[in-house]
Amino acid sequence: MEPDALADGVRRGDRRALARAITLIESRREDHRRTAEDLLTLLMPATGASIRIAVSGVPGVGKSTFIETFGRHLTAAGHRLAVLAIDPSSQRSGGSILGDKTRMEALSRDPAAFVRPSPAQGTLGGVARRTREAILLCEAAGHDVVIVETVGVGQSEIAAAGMTDLFLLLLLPGAGDELQGIKRGIVEVADLLVVNKADGAMAGAANHAAAEYRHALSLLRSGTGAWTPEILQCSSVTGEGIGKVAAAVERYRTTMASAIAERRRAQARDWLWSEIGEAVREAMGRRLDAASVSAVECEVAEGRLPGSVAARRLVESMIK
Ligand SMILES: Nc1nc2c(ncn2[C@@H]2O[C@H](COP(=O)(O)OP(=O)(O)O)[C@@H](O)[C@H]2O)c(=O)[nH]1
Ligand SMILES: [Mg+2]
């Protein structure tokens, strides 16, 4: 595959080129990896011009339904949207996230939207790595909003927060249970909290939950920053309140422009160092003799050698 031709296709906004480019970065083949790196380097100048949004919340809160409705709202307003997922377990759990075509059907057919299911295999680290690169490809293809859906489990939320500008947490009506989220620390990192399913019989409970969250957050936060997290309500089924969520995202994007830029710089530096960590690990796997590594591993497992000391010895023996 020629990286130049593929880069041209991506820049033109050709969906098939974008899909192929993402398949390329997800590949584990050594030669594919090289081409993927050339491609990403070529496309770097065309990246960055989007708002990157993480959409999180417990399974069943309505993330996929919300993204579909919110996404349709955005494309109707002239935006070009890309939806990616961080879901290392999508294969095993039956692909409830984006593989569920019935749920994002309209969005998948929308010419202004690009919906990409989660990479089929991999550890969270591997999936997160590829998702980060996929964000860049989507931006190069002209998508000005990129949404990353998480599975709503701690680790994937942290990974998503580390690659996005805005963390949108969906909550269920029924504040009692959901206030537990505050203990998990996730409510505290959210920039926007949206009580979903504010419709029908749940409308009252949603109102109540929103008030509870407002109160709880006012106790938690000092509110000295440029942005005070907003608590909104919506129905992803009727579409009510979705416009207000979009308006809040836009407010965030404009008031936080310089904070977002700083956040991205910090994220990029973290990315560099996590890739260095990965690269060292991979190099060690290739260079060190397996028998001596497993001997050291055994020493550590049996409690005869501290992990820190063993790690330093192995790294130093590789560098030599
Ligand atoms: N009444 C109502 N049901 C919703 C709403 N949003 C999602 N649901 C339903 O909640 C269930 C879980 O939704 P889904 O989007 O798959 O949740 P996810 O696991 O967070 O992605 C589905 O049956 C949806 O139809 C909403 O705003 N109102
Ligand atoms: Mg889902």
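Notes on the structure follow. (Residues numbered from 1 in each chain as written. Chains lettered and ligands numbered in written order. Predicted model: local features only at pLDDT ≥ 70, side-chain atom pairs only at ≥ 80, totals over all residues. Heavy atoms only, no water.)

## What to know about the coordination of the magnesium ion (ligand 2)
No. 1: Taken together, S64 (OG) and E149 (OE) make up the protein donors of the magnesium ion (ligand 2), found 2.1 to 2.6 Å from the metal. With a gap of 85 residues between them, S64 in helix 4 (residues 63-76) and E149 in strand 4 (residues 145-150) connect regions that are remote in the sequence. For the pair shown, S64 and E149 are each scored as buried. (Donors = N, O, S within 2.8 Å, 3.2 Å for Na, K, Ca; no water. Helix = DSSP H or I, 4+ residues; strand = E, 2+ residues; numbered from the N terminus. Buried < 20%, exposed > 50% of the residue type's maximum accessible area, 1.4 Å probe, protein only.)

## Structural notes on the pairing of strand 4
No. 1: Across the six residues of strand 4, six count as buried, placing the element largely inside the fold.
No. 2: Of the two faces of strand 4, both are covered, the one formed by V145, I147 and E149 as well as the one formed by V146, V148 and T150.
No. 3: Inspection of the sheet shows strand 1 (residues 51-56) paired to strand 4 by five bridges, in the parallel sense. Looking across to strand 4, one finds that I53 is bridged to I147.
No. 4: Direction of pairing for strand 2 (residues 81-86) relative to strand 4: parallel, over a ladder of six bridges. Following the sheet pairing, L84 is matched in strand 4 by V148. (Pairing = 2+ DSSP bridges.)

## Details of a nonpolar patch on the surface
No. 1: Side chains of L272, W273, I276 and V280 sit close together on the surface and give an oily, nonpolar patch of about 370 Å² of accessible area.
No. 2: For I276, a relative accessible area of 31% puts it in the partly exposed group. (Patch = residues over 30% accessible without salt bridge, like charges linked within 9 Å, V, L, I, M, F, W, Y side chains within 5 Å. Areas by Shrake-Rupley, 256 points an atom, 1.4 Å probe, with all protein chains shown as cover. Salt bridge = Lys/Arg side-chain N within 4 Å of Asp/Glu carboxyl O.)

## Quick look at the sheet that holds strand 6 (residues 192-195)
No. 1: Taken in spatial order, the seven strands of this open sheet run 3-2-4-1-5-6-7, and their pairing is parallel. Both outer strands of the open sheet, strand 3 (113-115) and strand 7 (230-233), are each paired with one neighbouring strand and no more. Averaged over all pairs of adjacent strands, the angle between their axes in this sheet comes to 20°, without regard to strand direction.
No. 2: Each of strand 1, strand 5 (166-171), strand 6 and strand 7 is contacted by helix 12 (residues 242-255), which is oriented at about 160° to strand 7, the strand it contacts most. (Axes fitted to C-alpha atoms, helices over the stretch in contact; angles between N-to-C directions. Contact = heavy atoms within 4.5 Å.)

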